[in-house]
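The chain contents come next:
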Amino acid sequence: MAETRYVDPIHHPSYASQPTRDVRAWILLLISVLIPGGVQLLFRSRRWAKVSLSITAISWILAIIALVVIIIDKKFLFTIGTNPILLTFLIIWLPVIAINWIVCLFDTLRRIKLVTLSARARKRFLAAFCAIVLIVVGPLAWGTTLLDSQRGLMADLFSSGKAAKPVDGRYNILLLGSDAGKGRTGIRPDSLSLVSIDAKTGKTVIVGLPRNMENVPFPKDSPLHKYYPQGYNCGDECLLNAVFQQGEQHKDEFENPKRAGEQATMDAASAITGLEVQYFAMVNLKGFENLIDSLGGITLVSGKRVPISSKVDPTTGEHGPVKGWIEPGKQKLDGFHALWFARSREFSSDYERMIRQRCVQTAMVKQLDPATVLTRYQEIAKATPGALATDIPSSEVDDFVDLALKVKSQKIESLDLTPPNVTPSDPDFDAASTLVADTIEESSKDAEKDKGAQTAPGGSAGAVAGVNASLRTVGSVGGTNPQISAQGSAEGGSDEDKESAEREICYVP
């Protein structure tokens, strides 16, 4: 009588039936996909298995811990994406995971012994194996690249300074549009606005500051106060946008000489509005052009022809012949034309230009959806440091991203310190600061009402407004939202009249 022996199909597939060998191959591949190192342990390669399984176990444990913490506190997700130390760890760890996984997969393929598979199963198995390798390598390599770009962005854009606390429960951030570039001496902010955000609710008020405001004051603790105790009142050339250069000229008297111009402008904005300004964000207009291109352009509707002007003749102070026009109607603008649409001042007023700038900002906000960011992230990250500068410390970025989400759930208010509210050539700063304080107080009272409106039918308007505020929080060109205006005085007309007048200049479809 013949002796019956048990044959181990895992270690001795040649003694197993053909269907068993085919099934064995799929089982081993599945183990290696789910638990890299599991097959090596099965084949008693203990040292290798110990290392591979340790990498796998650590990865799963970290992922589970991160998921639990994110569920408890969603801000931790933003911390992962903004903390340079965590980003560096992930940039190192993801390739370790990928290499371990790929090596284990190929070792599994060796141990399966393709020659033991049936011809039909062999073709299917090789196709599945190649697909799995691509699925493993592709996302991990892409994720590592994105994380490296994010780490570079955080290092280039955000500072390492001390964090500032909210003042009276609010963060106040000065937004500047810089016209520094070839052929220009120094920086003269082309647009200025102050974003005031309630640190708890995200309720936001945006104050538009005209660049041609005269006689601007300085706080007593500002280095420029001793030079201009009665305000920057040296004539028609002493405008708000010239304060930056005053800071540069007296930079050794400021705490951070490298940021003297920004600090001087922050001091002036503080004295004008009565709000203590903690941070600034400045957009370089040439970099802004590259940023628009990295987004693939923006779409808006122009109500008027906007000229692309020639250079100013220094002998006459007038522009040369118009080189081109941005025509009325719906337009898809690249960086060059978007910049001209925002900056062009020939045949128009500064106030009209402020509205055009806000249209460009709104168009950017609408286009910055997740799909655009993910598909163009490297281009955006590369363009952003050249376009933006800020003194917001990297340690605070996660808090500000979390705050931006609160802003999205709120309706924002905006206030321009322009006629009829304020006369830039002869401003009443006491009245201006009172107007700002009243607008903020009224905004705070409406916070709960706006929050309730988000859950009611038709409550999406506030969310759209909040999107505009959220991006402006991290450094858009100065201005205010073209859809929402605060009534600074009875003479200003209704919100509907203001919106209608502004839509005649431009709007975002």
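Rules of the game
- Residues numbered from 1 in each chain as written.
- Predicted model: local features only at pLDDT ≥ 70, side-chain atom pairs only at ≥ 80, totals over all residues.
- Heavy atoms only, no water.
- UniProt positions renumbered as here; feature names shortened; annotations may be inferred.
- Helix = DSSP H or I, 4+ residues; strand = E, 2+ residues; numbered from the N terminus.
- Expected span 1.5 Å × (residues − 1).
- Disulfide = S-S within 2.5 Å.
- Buried < 20%, exposed > 50% of the residue type's maximum accessible area, 1.4 Å probe, protein only.
- Polar contact = N/O pair within 3.5 Å; in protein donor to acceptor, adjacent residues only side chain to side chain.
- Contact = heavy atoms within 4.5 Å.
- Phe/Tyr/Trp six-rings, centres within 6.5 Å; stacked < 30°, edge-to-face > 60°.
- Lys NZ or Arg CZ within 6 Å of the ring centre and 35° of its normal.

The name given to the chain in an unreviewed UniProt entry is Transcriptional regulator, LytR family, and the organism recorded there is Brevibacterium aurantiacum. As recorded by UniProt, the Sequence similarities (unreviewed entry) comment attached to the chain reads in full: "Belongs to the LytR/CpsA/Psr (LCP) family."

What follows covers helix 5 (residues 84-112). An ideal rise of 1.5 Å per residue puts 42 Å on 29 residues; helix 5 measures up with 42 Å between its terminal C-alpha atoms. Remark: Lys-113 follows helix 5 within two positions and exhibits a positive phi of approximately 65 degrees.

Our focus in this paragraph is the state of the cysteines. The final tally for this structure, using the stated rule, is two disulfides. With a sulfur-sulfur separation of 1.4 Å, Cys-234 is cross-linked through a disulfide to Cys-238. For the disulfide bridge between Cys-234 and Cys-238, the dihedral angle about the S-S bond is near -80 degrees, and by the sign convention the bridge is left-handed. On the accessibility criterion, Cys-234 (48% relative accessible area) is partly exposed. Paired through a disulfide, Cys-359 and Cys-506 show a sulfur-sulfur distance of 2.1 Å. Residues Cys-359 and Cys-506 share a disulfide whose torsion about the S-S bond is about 95 degrees; that sign makes it right-handed. Of this pair, Cys-359 sits in helix 11 (residues 350-367) while Cys-506 sits in strand 11 (residues 506-507), and the two are 147 residues apart along the sequence. Here the two residues Cys-359 and Cys-506 agree in accessibility, since each one is buried. For the chain, the bonded cysteines pair up as 1-2, 3-4 when numbered in the order they occur along the sequence.

We now examine the side chain of Arg-24. With respect to the element layout, Arg-24 can be found in helix 1 (residues 18-34). Its relative accessible area of 4% is what places Arg-24 among the buried residues. Within polar-contact distance, the side chain of Arg-24 engages the backbone oxygen of Arg-111 at 3.0 Å. Not counting residues up to four positions away in its chain, the partners in contact with Arg-24 are Pro-9, Ile-10, Pro-13, Phe-43, Arg-111 and Ile-112.

Glancing now at the packing of aromatic side chains. One pass over the full model with this rule turns up nine aromatic pairs. A centroid spacing of 6.2 Å and a plane angle of 15 degrees characterise the contact between Trp-325 and Phe-347, whose relative ring orientation is stacked. With a gap of 22 residues between them, Trp-325 in strand 7 (residues 324-326) and Phe-347 in the loop between helix 10 (335-343) and helix 11 connect regions that are remote in the sequence. We classify Trp-325 as partly exposed; its relative accessible area is 33%. Put simply, the rings of Tyr-171, Tyr-279 and Phe-400 touch in pairs and so form one group of aromatic residues. The ring centre of Trp-325 lies 4.2 Å from the NZ or CZ of Arg-305, which sits over that ring. Between the NZ or CZ atom of Arg-356 and the centre of the ring of Phe-341, over which it lies, the distance is 6.0 Å.

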